[in-house]
Amino acid sequence: MATFTKRLPALLAQTHVVLEVRDVRLPLTSINPTLEAALQKWKKTREASGGGVCERIVVYSKRDLISGGEEALRNALSKHFDHRTHFNSNGYPKDLHDLQSTLVSIAKENAEVAPTLNVLVVGMPNMGKSTLLNSLRWAGTNNPTKAMRTSALPGLTQKTSERLKLCHNPPIYAVDSPGVMVPFLGRGNEGRERAFKLALIAGMKDSLYDDEALSAYLLYKLNRLNPSKPAYLSLYPTSIPQAPTDSIEEFLDILSYRLNARLRGNEPDIQRTAKWFLKWWREGGATQAPMTHGWGFDFDFRVRKPQSPEDVDAERPIDFVVDENGRDVLQEGTLEEKMEREVNRYVKEVLETGENTRGFGTSVTRERQIERAEKRKARDEKRQRKRPEPRR
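Values in this document were obtained by computation on a predicted structure and should not be read as measured data. (Residues numbered from 1 in each chain as written. Predicted model: local features only at pLDDT ≥ 70, side-chain atom pairs only at ≥ 80, totals over all residues. Heavy atoms only, no water.)

Helix α7 (residues 211-225) packs onto helix α6 (residues 188-200) with a crossing angle of 100 degrees between their chain directions and a minimal axis gap of 10 Å. It follows that α6 is roughly perpendicular to α7 by the angle criterion. Counted together, Glu193, Phe196, Lys197, Ala199 and Leu200 of α6 and Ala213, Leu214, Tyr217, Leu218, Tyr220 and Lys221 of α7 form the full contact between these two elements. Taken together, the residues that form the contact of α6 with α7 break down as eight nonpolar, no polar and three charged. (Axes fitted to C-alpha atoms, helices over the stretch in contact; angles between N-to-C directions. Helix = DSSP H or I, 4+ residues; strand = E, 2+ residues; numbered from the N terminus. Parallel < 35°, antiparallel > 145°, perpendicular 65-115°, else oblique. Contact = heavy atoms within 4.5 Å. Nonpolar A, V, L, I, M, F, W, Y, C, P; charged D, E, K, R; others polar.)

This is the structure:
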């Protein structure tokens, strides 16, 4: 990935269209601020010099894993970002046709200055870049053979690919690239939460987080999206009352009965149950559940309490306004207006500050390593105390 980052300016110099792939479940977290800055600089430089075709398309993949709201998201993003927005899913052939038509239209409109249209495909790890390229190739050349290897795990594509023909007439070629991870996810709670989100969509290596920790975060987010009727209640056995819970131990214990994942002594098989829970969500198990307090895992529609500079510097958690009954107070307005507020907040707090591009502080990966080391140390000390003293 570091090699690709160094090569990026040279690749962009030969590129007419940058096609960036993001995950629609994390429309903001899957933005790479470093890549965003590089692409904006490329576009401004190309337009200022009059150097030819300079188009940018952002494709939000896995739209089948959300339940509506695409147009509201498109309009909210258009207030801050100057790019074309498409949505794609393997279950929606029209999405692929629309994207293919956009590329063909750009190629035909600029045939005199760019006889061959060059497309560079970029994005963070495991966003579906290679899968999208294979589909575009099939749609444009009637060749069903997979040209790019794909995997459910991040990091399969390690280097830029050879030029891949996406269309015969007009001639369109594309280059796939390795996923570029954010160099620094942020400090404190914000950074840790971004890391959990990316791990949930399998955008980070599984070894960084165990399944129980990820399941606990998933339970927390599903409760946030709909506190009264979270999506996971549909997983409860019919013999158990459907009541929300904040306890991951209690939830996995209940779910293990449905899965018949019980160990000797009637203890729950936590590892197997947690892994199943994550797979259920990743494959769209929560798609049809209503989201009353947010959208996806990036948009939170609760009203935030104002934070002072001291609160931000101290990395204190964000507090939310509640009514006299202790219930969250939600933002007013349409879905698009709520999304626009959240996009605006993200742009100001992340992109304009440039914090995620500087790479200062302790990285989330390093924080996890420190936490694990501390746990091992505490466990060793506990074992040491339990050892009987030697006889004299």
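What follows is about the nonpolar core. Membership of the largest hydrophobic core comes to 63 residues, with the highest contact counts inside it found for Leu19, Leu222 and Phe251. Once residues within four sequence positions are removed from consideration, Leu222 is found in contact with Pro230, Ala231, Tyr232, Phe277, Trp280, Trp281, Ala286 and Phe297. Membership of the second largest hydrophobic core comes to 20 residues, among which are Tyr60, Ile66, Leu77 and Trp295. (Core = buried A, V, L, I, M, F, W, Y, C linked by side-chain atoms within 4.5 Å. Buried < 20%, exposed > 50% of the residue type's maximum accessible area, 1.4 Å probe, protein only.)

Turning our eyes to something else, we now look at the packing of aromatic side chains. Considering all chains together, one arrives at 11 aromatic pairs under this definition. A ring pair is formed by Tyr217 and Tyr220, whose centres lie 5.9 Å apart and whose planes are at 40 degrees; its orientation type is tilted. Pair noted here: Tyr217 and Tyr220 are both in helix α7, with a separation of three residues, about one helical turn. Exposure remark for Tyr217: the relative accessible area of 8% places this residue in the buried category. (Phe/Tyr/Trp six-rings, centres within 6.5 Å; stacked < 30°, edge-to-face > 60°.)

In this structure the tally under the stated criterion is 22 salt bridges. Residues Glu20 and Arg56 are paired through a salt bridge, measuring 2.7 Å at the closest nitrogen-oxygen approach. Pair noted here: Glu20 is in strand β1 (residues 17-23) and Arg56 is in strand β2 (residues 55-61), with a separation of 36 residues, a long-range link. Of the residues examined, Arg56 reaches a relative accessible area of 5% and is grouped as buried. The salt bridge involving Arg84 is made with Glu55; its shortest N-O contact spans 3.3 Å. On the criterion of sequence distance, the pair formed by Arg84 in strand β3 (residues 84-87) and Glu55 in strand β2 is long-range, its members being 29 residues apart. Through salt bridges with shared partners, a single ionic network connects Glu20, Arg22, Glu36 and Arg56. (Salt bridge = Lys/Arg side-chain N within 4 Å of Asp/Glu carboxyl O.)

Next up on the list: unusual backbone geometry. Cis peptide bonds are those with omega within 30 degrees of zero, and the linkage from Asn169 to Pro170 qualifies with 0 degrees. Here Pro170 lies in the loop between β5 (164-167) and β6 (172-175). In the Ramachandran plot, Ala202 falls in the positive-phi region, its phi being about 65 degrees despite a non-glycine side chain. Of note, Ala202 is situated in the loop between α6 and α7. Even without a glycine there, the phi angle at Asn266 is positive, about 60 degrees. With respect to the helices and strands, Asn266 occurs in the loop between α8 (248-259) and α9 (270-282).

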